Amino acid sequence: MLICLTASHRNASFTLLEKLSIGAPSVAPSLVDDSNFIQGAVVLATCNRFEAYLDVDEPLTAGSALAAREVIEAVSRASDVDPADVFEAVSVLSGDAVAEHLFSVSSGLESVVVGEDEIAGQVKRALQTARVEGTTSSALERLFQRASHTSRDVKTKTGVGGAGRSLVRLALDLAESRVTDWSGTRILLVGTGKYARVSLLALQERGATEFSVYSPSGRIAPFAARHGIPQIWADDLVAAIAASDVIVTASQSPVAVLTATHFADAQAAPDALERRLVIDLGLPRNVDPAVSSVAGVELLDLETISLHAPIDEFASTTSARAMVDEAAAEYSAARVEAEVTPAVVALRSHFFDVLDAEIGRAKGRGDSSPETEAALRHLVGVLLHTPSVRARELARAGEGESFVAALQSLFGVKPAPAVAPIAHLGAAARPAVGGPSAGAAASRAADSSAAS
């Protein structure tokens with residue numbers, strides 16, 4: 001069975017998400033290796049969400065709850081967070097809700113900026129990391145591959161994300177009121193990864209031309225040479241800050257790269273600019289929040305940026321959600337169809353085994369010809385078509401077991417065991433980690449499961 005533990009900007013603070021982003025990505029191998037219930041795990045940790053998708057072998061009713069507990073405890077240890085805080089922020093999804101949620105996430109419908117570009121790539125990389133670490137499973141592979149296919153459909157067939165929106169572009173939109181002419185703006189980029197590249201492109205689209213780049217790792221950054229941008233070294237960082245109108249940080253450093261001391265020293269430097277705007281796109285934060293207390297410095301961080309996220313375009317978002325719902329329904333239908341596949345295979349094997357035996361006896365009597373044999377095989381195939389189709393229809397209607405029972409009653413055929421279906425977990429899905437609000441949280445989980 002598949003379950004999902006999720007915490008996002010909708011129900012968790014950026015402070016908590018920041019801590020989870022540091023520790024959570026490392027827990028998947030230990031979850032799979034050490035758990036008696038978790039057969040596969042894919043962890044998705046971005047700037048505004050933490051999610052763990054689990055393939056759980058549940059021989060007991062409580063298996064899903066125990067698996068969820070193990071995830072919360074492992075993530076809490078890795079992130080140095082109180083388990084009760086994670087427990088309070090995390091929601092547990094199961095059954096058909098898992099596919100619907102991931103398809104919606106990968107399509108950008110659950111992001112701070114609806115339709116953002118980055119999330120689809122982050123979903124793909126989460127699966128790729130699980131492959132490298134050996135923590136994925138066939139069920140998770142199918143789920144994530146279908147999610148990527150759905151996100152591509154949503155992007156190409158609806159208006160959601162059509163403008164290539166992202167947190168980077170939203171941040172620069174907010175900065176427009178502070179920057180009158182990007183072409184004359186001196187910009188310091190901190191970081192040389194994917195977000196830095198996206199930031200550079202978005203700034204160039206606005207007409208910015210004067211850049212320098214600082215790599216927190218202290219190593220030579222091919223990024224600088226590739227884009228023809230001078231690289232700043234640690235000894236010159238304060239001087240670079242003093243000479244910059246805008247500083248954009250997009251590093252994956254686990255600790256703050258820029259501190260209040262950097263800016264206080266820059267402010268005191270000869271010929272320092274009076275004012276500067278700092279846009280912190282890092283999670284964990286690249287810039288110490290105390291920087292905002294330094295005179296002449298304005299700080300836009302992810303939490304501030306998210307408060308200004310635009311309202312969804314109703315028509316495009318409604319159309320996209322309809323596509324997600326349809327894709328999730330089709331995924332669930334295909335899954336339940338697969339549950340009766342062993343029964344259909346067993347039925348076909350039974351019929352053709354009987355046919356082969358009769359053809360063998362006919363050949364022994366000299367009563368068989370290739371034409372007759374081909375006609376009989378065709379006839380059996382035609383006769384099997386209707387029950388095969390009916391089996392899939394019954395499975396989609398939730399009555400697959402009646403087909404299996406009829407097969408055994410009529411023909412004495414027992415199919416090979418099928419993969420256990422995904423079931424709703426109900427209140428048991430939210431583990432009792434502890435803390436004063438455990439009872440209320442379990443009640444919310446039960447309500448959520450009933451609603452789905």
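Residues numbered from 1 in each chain as written. Predicted model: local features only at pLDDT ≥ 70, side-chain atom pairs only at ≥ 80, totals over all residues. Heavy atoms only, no water.

A. Focus on the overall build of the protein chain. A count of helical and extended segments in the protein chain gives 17 helices and 10 strands. Counting every position in the protein chain, which comprises 452 residues, the buried fraction comes to 49%. Partitioning the intrachain contacts of the protein chain with sequence separation of at least 6 by distance along the chain shows that 73% fall at a separation of at least 24. As displayed, the protein chain has an accessible area near 20,900 Å², and 54% of this comes from carbon and sulfur atoms. (Helix = DSSP H or I, 4+ residues; strand = E, 2+ residues; numbered from the N terminus. Buried < 20%, exposed > 50% of the residue type's maximum accessible area, 1.4 Å probe, protein only. Contact = heavy atoms within 4.5 Å. Areas by Shrake-Rupley, 256 points an atom, 1.4 Å probe, with all protein chains shown as cover.)

B. A look at the sheet that holds strand S9 (residues 276–280). Pairing in this open sheet of 6 strands is parallel, and the strands run S7-S6-S5-S8-S9-S10 from one edge to the other. The open sheet has two free edges, formed respectively by strand S7 (231–232) and strand S10 (297–300), since each of these has just one partner strand. Note that strand S8 (residues 246–249) and S9 share 4 bridges and pair parallel. Along S9, the bridge assignment pairs valine 248 with isoleucine 279. Here helix H9 (residues 194–205) sits on the sheet and contacts strand S5 (186–190), strand S6 (210–214) and S8; the angle it forms with S5, its principal contact strand, is near 165°. (Pairing = 2+ DSSP bridges. Axes fitted to C-alpha atoms, helices over the stretch in contact; angles between N-to-C directions.)

C. Looking closely at the packing of helix H8 (residues 167–175) against H9. Relative orientation of the contacting elements H8 and H9 amounts to 45°, with a least axis distance of 9 Å. Between H8 and H9, the interaxial angle falls into the category oblique. By crossing handedness, the relation of H8 to H9 is classed as right-handed. Mapping the contact onto sequence places Leu167, Val168, Arg169 and Leu172 in H8 and Tyr195, Val198, Ser199, Leu201, Ala202, Leu203 and Glu205 in H9. Split into classes, the residues belonging to the contact of H8 with H9 amount to 8 nonpolar, 1 polar and 2 charged. (Parallel < 35°, antiparallel > 145°, perpendicular 65-115°, else oblique. Left-handed = near helix turned anticlockwise from the far one by under 90°. Nonpolar A, V, L, I, M, F, W, Y, C, P; charged D, E, K, R; others polar.)

D. Highlighting the pairing of S5. The buried fraction of S5 is high, at 4 of 5 residues. The pairing of S5 with S6 spans 5 bridges and is parallel. The partner of valine 190 across the bridge, within S6, is tyrosine 214. Following the chain from S5 across H9 to the adjacent parallel S6, one finds a crossover that is right-handed. (Right-handed = clockwise from strand over helix to strand, strands pointing away.)

E. Main features of the packing of aromatic side chains. Considering all chains together, one arrives at 3 aromatic pairs under this definition. Considering the side-chain rings of tyrosine 53 and phenylalanine 144, the 5.3 Å spacing of their centres and the 85° angle between planes classify their relative orientation as edge-to-face. Of this pair, tyrosine 53 sits in strand S3 (residues 49–56) while phenylalanine 144 sits in helix H7 (residues 138–157), and the two are 91 residues apart along the sequence. Both residues of the pair, tyrosine 53 and phenylalanine 144, belong to the buried class. (Phe/Tyr/Trp six-rings, centres within 6.5 Å; stacked < 30°, edge-to-face > 60°.)

F. Focus on the UniProt feature "site: Important for activity" (unreviewed entry) in the protein chain. Within this structure's numbering, the places UniProt gives as "site: Important for activity" (unreviewed entry) are His101. As for its position among the elements, histidine 101 is in helix H5 (residues 96–106). (UniProt positions renumbered as here; feature names shortened; annotations may be inferred.)

G. Molecular detail of the side chain of histidine 262. Topologically, histidine 262 is positioned in helix H12 (residues 260–268). Polar side-chain contacts of histidine 262 include one of 3.0 Å to the backbone nitrogen of threonine 259. Apart from the residues within four sequence positions on either side, histidine 262 is in contact with Leu237, Val238, Ile241 and Val257. (Polar contact = N/O pair within 3.5 Å; in protein donor to acceptor, adjacent residues only side chain to side chain.)

H. Just empty space enclosed by the protein, in detail. Taken as a whole and judged by the stated rule, the model has 2 cavities of 30 Å³ or more. Approximately 50 Å³ is the volume found for the largest cavity. Around the largest cavity, the lining residues are Phe14, Glu18, Asp280, Gly282, Leu283, Arg285, Asp301, Leu302 and Glu303. Among the elements of the structure, helix H1 (14–23) and helix H13 (302–306) are those that each provide at least two residues to the lining of the largest cavity. Residues that form the lining of the largest cavity fall into these classes: 3 nonpolar, 1 polar and 5 charged. (1 Å grid on protein atoms, 1.4 Å probe; cavity = no way out; pocket = protein on both sides within 12 Å on 5 of 7 lines; lining within 4 Å. Points joined across faces, edges and corners; volume = space filled by probe spheres on them.)

I. Examining the sheet that holds S3 more closely. One open sheet holds the 4 strands; their spatial order is S2-S3-S1-S4, and the pairing between them is antiparallel. This sheet does not close on itself; its edge strands, each paired only once, are strand S2 (38–46) and strand S4 (91–94). The mean angle between the axes of side-by-side strands here comes to 15°, regardless of whether they run parallel or antiparallel. Here 8 bridges tie S2 to S3, and the two strands are oriented antiparallel to one another. Looking at S3, one finds that alanine 45 is bridged to phenylalanine 50. Across the sheet, H1 touches strand S1 (2–8), S2 and S3, and the angle it forms with S3 is around 50°.

J. Spotlight on the environment of glutamine 204. Mapped onto the secondary structure, glutamine 204 falls in helix H9. When its relative accessible area of 41% is taken as the criterion, glutamine 204 is described as partly exposed. Residues glutamine 204 and serine 183, 21 residues apart in the sequence, show an inter-C-alpha distance of 8.8 Å.

K. The layout of surface pockets, seen in detail. By volume, the largest pocket is sized at about 860 Å³. Listed by contribution, the elements that provide at least two residues to the lining of the largest pocket are H1, S2, helix H6 (118–133) and H9. Looking at the lining of the largest pocket element by element, the count peaks at 7 residues for H6. The residue makeup of the lining of the largest pocket, split by class, is 17 nonpolar, 11 polar and 4 charged.

L. Examining the UniProt feature "binding site: substrate" (unreviewed entry) in the protein chain more closely. When the UniProt feature table is mapped onto this chain numbering, "binding site: substrate" (unreviewed entry) sits at Thr46, Cys47, Asn48, Arg49, Ser111, Glu116, Asp117, Glu118 and Gln122. Residues from the annotated list that form part of the lining of the largest pocket: Thr46, Cys47, Glu118 and Gln122. With respect to the helices, strands and loops of the structure, threonine 46 is situated in strand S2. Beyond its immediate sequence surroundings of up to four residues, cysteine 47 is in contact with Phe14, Leu167, Tyr195, Leu283 and Leu302.

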